[in-house]
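# Commentary on secondary and tertiary structure
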Amino acid sequence: MDIFEKTGKMALGSRLRFMASQITEEAVKIYELYDVDFSPKWFPVFLYCQKTEQRR
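First things first, this report covers the structure right here in the doc. (Residues numbered from 1 in each chain as written. Predicted model: local features only at pLDDT ≥ 70, side-chain atom pairs only at ≥ 80, totals over all residues. Heavy atoms only, no water.)

## Examining unusual backbone geometry
Positive phi values are uncommon outside glycine, yet D35 reaches one of about 55°. With respect to the element layout, D35 can be found in the loop between α2 (12-33) and α3 (43-55). Classification of D35 by relative accessible area gives exposed; the value is 72%. (Helix = DSSP H or I, 4+ residues; strand = E, 2+ residues; numbered from the N terminus. Buried < 20%, exposed > 50% of the residue type's maximum accessible area, 1.4 Å probe, protein only.)

## Re a nonpolar patch on the surface
On the surface, L12, L16, F18 and M19 cluster together into a nonpolar patch covering about 360 Å² of accessible area. Within the secondary structure, L12 sits in helix α2. (Patch = residues over 30% accessible without salt bridge, like charges linked within 9 Å, V, L, I, M, F, W, Y side chains within 5 Å. Areas by Shrake-Rupley, 256 points an atom, 1.4 Å probe, with all protein chains shown as cover. Salt bridge = Lys/Arg side-chain N within 4 Å of Asp/Glu carboxyl O.)

## Quick word on the packing of aromatic side chains
Each aromatic ring pair is described using two quantities: the centre-to-centre distance and the angle formed by the ring planes. According to the stated counting rule, one finds three aromatic pairs in the structure shown. Considering the side-chain rings of Y31 and F38, the 5.6 Å spacing of their centres and the 90° angle between planes classify their relative orientation as edge-to-face. The class of F38 is partly exposed, set by a relative accessible area of 27%. Ring centres of F38 and F46 lie 5.7 Å apart, and the angle between their planes is 70°; this geometry places the pair in the edge-to-face category. In this structure F46 comes out as partly exposed when scored by relative accessible area, which is 44%. (Phe/Tyr/Trp six-rings, centres within 6.5 Å; stacked < 30°, edge-to-face > 60°.)

## Remarks on the pattern of salt bridges
Two side chains of opposite charge can pair, provided their charged atoms sit close to one another. Taken as a whole and judged by the stated rule, the model has one salt bridge. Note that K29 and E26 form a salt bridge whose closest N and O atoms lie 3.5 Å from each other. Of this pair, K29 and E26 both sit in helix α2, three residues apart, roughly one helical turn. Given the relative accessible area of 49%, K29 is considered partly exposed. By relative accessible area, E26 is classed as partly exposed at 42%.

Any functional reading would require information that these geometric values do not contain.
Here is the structure:
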């Protein structure tokens, strides 16, 4: 992680992608803990479908 400290602001995008990846991995573990067969990457699609269905 020293590379992020050396490059400063230039590494912001890479750092954010890394953090998002870490959060997604943790979400997968939580879903597995509760036996939920769901991938976090599909959450925005699920949310959109739910909101659209509620409007009908």
